[in-house]
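Residues per chain are reported as follows:
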Amino acid sequence: MLWSNYMERLYKKNLELFKLKFDKNFIDDLQQSELSAFSIDSKNNDVDIYFGNEKIYPFGAKKSASLQVDEFVKNPKSYSMAPAEMGDPLGELQNKYAKLIEQYTPAMKDKKRIYSGLNMYENQIPFMLISGCGAGFHVEQLIKKFEIFNLIIYDENLTFVKLSMHLIDWEPILVYFSQKCRTISFTYNSNPETLAQLILYT
């Protein structure tokens, strides 16, 4: 199966919600991102996602997201959650700058200590950076397990954001982050200094 009618309707719904929440430049770039290399196969209440002939998630997108979130719950070592090591053929696009942004400025080290997972109180996370939007299932699961107040989702490849808009309903997530003292933002700027500054001023 490539794209079902349901997926197309879900994308259109999510796109209208994104237009209300995020700036025009982001929306324009998002709409121009190309999904032709991706294909979807739904089975057993999960989805397999292919990039060309390569399967991105070995256990299905939902199950892989659950494993990733469970690992973070057991061992929340920092304010950020990097992609799981799953042999993702596009993994480099997701974690290319993960170490750079932490090392770019001394202030980042202070920020990391302040918002270390070790300082979480009653499952509250004041700030979180997710490296890689993926299919979006991990975002759904994280807000069910934690009180996250400020979330930045970084993905250099906007096709994954667009892909997620075909697979999950973003409305509950956007409503969650519309509450007082909560924010959600996407960034796809490949400059680690720019990303570091965005994090510092969130």
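Use the structure listed above.
This text gives an overview of the structure that appears in the document. (Residues numbered from 1 in each chain as written. Predicted model: local features only at pLDDT ≥ 70, side-chain atom pairs only at ≥ 80, totals over all residues. Heavy atoms only, no water.)

**With respect to the pattern of salt bridges**
We count it as follows: Salt bridge, as applied in this entry: a Lys or Arg side-chain nitrogen positioned within 4 Å of an Asp or Glu carboxyl oxygen. Only DSSP runs of H or I reaching four residues or more are called helices, and only runs of E reaching two or more are called strands; each is numbered from the N terminus. Accessibility here uses a 1.4 Å probe with only protein chains present; expressed as a share of the type maximum, an area under 20% marks a residue as buried, one over 50% as exposed, and anything in between as partly exposed.
For the structure shown, the criterion picks out six salt bridges. Across the salt bridge formed by lysine 13 and aspartate 169, the nearest N and O atoms sit 2.9 Å from each other. Taken together, the residues lysine 13 in helix α1 (residues 5-21) and aspartate 169 in the loop between α8 (158-167) and α9 (171-176) connect sequence positions 156 residues apart. Using a relative accessible area of 24% as the deciding quantity, one classes aspartate 169 as partly exposed. Put simply, Lys13, Asp169 and Glu171 are held in one network by salt bridges that share partners.

**Some points on helix α2 (residues 24-32)**
Note the following rule: Working definition: the arc comes from the directions between the helix axis and the C-beta atoms, pointing outward to the latter. Two residues form a contact once any of their heavy atoms are found within 4.5 Å.
Considered for burial, the residues of α2 that qualify are Phe26, Ile27 and Leu30. In an axial view of α2, the angular spread of the buried residues amounts to 95°, which keeps them on one side of the axis. Of the exposed residues in α2, those oriented more than 90 degrees away from the buried face are Lys24, Asn25 and Gln32. Elements that come into contact with the buried residues of α2 comprise α1, α8 and β7 (183-187).

**Examining the side chain of histidine 138**
As a reminder of what qualifies: Under this definition, polar contacts are N or O atom pairs within 3.5 Å; protein pairs additionally need one hydrogen-donor-capable and one acceptor-capable atom, and for neighbouring residues in sequence, both atoms have to be side-chain atoms.
By the element assignment, histidine 138 lies in helix α7 (residues 137-145). Of note is the side chain of histidine 138, whose polar atom sits 3.1 Å from the backbone oxygen of glycine 132.

**Examining the nonpolar core**
Here is the rule: Throughout, nonpolar core names a set of buried Ala, Val, Leu, Ile, Met, Phe, Trp, Tyr and Cys residues whose side chains join them through atoms within 4.5 Å.
By size, the foremost hydrophobic cluster in this structure holds 46 residues, and its most contacted members are Phe18, Ile49, Ile148 and Trp170. Per-element tally for this core: the top contributor is α8, with six residues. Contact partners of isoleucine 49, with chain neighbours within four places excluded, come to Phe38, Ser39, Ile40, Glu54, Lys55, Ile56, Tyr57, Ala61, Ala135, Leu163 and Leu167.

**Observations regarding unusual backbone geometry**
The phi dihedral of cysteine 181 falls on the positive side, at around 70°, and the residue is not glycine. With respect to the helices and strands, the residue cysteine 181 is situated in the loop between α9 and β7. According to the relative accessible area criterion, cysteine 181 is exposed, its value standing at 57%.

**Topic: α8**
Helical geometry: 3.6 residues make up each α-helical turn, so side chains three or four residues apart lie on a common side. Among the 10 residues that make up α8, 10 are buried, leaving the element largely enclosed by the rest of the structure. Every buried residue of α8 is accounted for by Leu158, Thr159, Phe160, Val161, Lys162, Leu163, Ser164, Met165, His166 and Leu167.

**Comments concerning the pairing of strand β2 (residues 46-51)**
For clarity, the cut-off: One bridge is not enough; two strands pair if DSSP finds at least two bridges between them.
Of the pairings in the sheet, the one linking strand β1 (residues 38-43) to β2 comprises six bridges and is antiparallel in character. Within the sheet, the bridge partner assigned to aspartate 41 lies in β2 and is aspartate 48. Between β1 and β2, which pair antiparallel and follow one another directly, the connecting turn spans two residues, one of which, asparagine 44, has a positive phi of 50°. Pairing of β2 with strand β3 (residues 54-55) involves two bridges; the strand directions are antiparallel. Each residue of the ladder has a partner; that of phenylalanine 51, found in β3, is glutamate 54. Counted between consecutive antiparallel strands, the loop separating β2 from β3 contains two residues, among which glycine 52 sits at a positive phi close to 65°.

**Observations regarding the packing of aromatic side chains**
The condition that has to hold: Any pair of Phe, Tyr and Trp rings, taking the six-membered ring for Trp, is counted once the centres come within 6.5 Å. Such a pair is stacked with planes under 30 degrees apart, edge-to-face with planes over 60 apart, and tilted for the rest. Charge-over-ring placement is defined geometrically: NZ (Lys) or CZ (Arg) within 6 Å of the ring centre, and within 35 degrees of the ring normal.
Evaluation of the coordinates by the stated rule reveals 11 aromatic pairs. Relative to phenylalanine 26, the ring of phenylalanine 22 lies with its centre 5.6 Å away and its plane at 70°, an arrangement referred to as edge-to-face. Phenylalanine 26 matches phenylalanine 22 in its accessibility class, with the two residues each being buried. For the ring pair phenylalanine 26 and phenylalanine 186, a centre distance of 5.4 Å and an interplane angle of 15° mean the geometry is stacked. One end of the pair, phenylalanine 26, is in helix α2; the other, phenylalanine 186, is in strand β7, with 160 residues separating them in the sequence. A single burial state applies to phenylalanine 26 and to phenylalanine 186, both of which are buried. Put simply, the rings of Phe18, Phe22, Phe26, Trp170, Phe186 and Tyr188 touch in pairs and so form one group of aromatic residues. Just above the ring of phenylalanine 149 sits the side chain of arginine 182; from NZ or CZ to the centre is 4.7 Å. Above the plane of the ring of tyrosine 176 lies arginine 182, whose end atom (NZ or CZ) is 4.5 Å from the centre.

The analysis is restricted to geometry; functional conclusions fall outside its scope.
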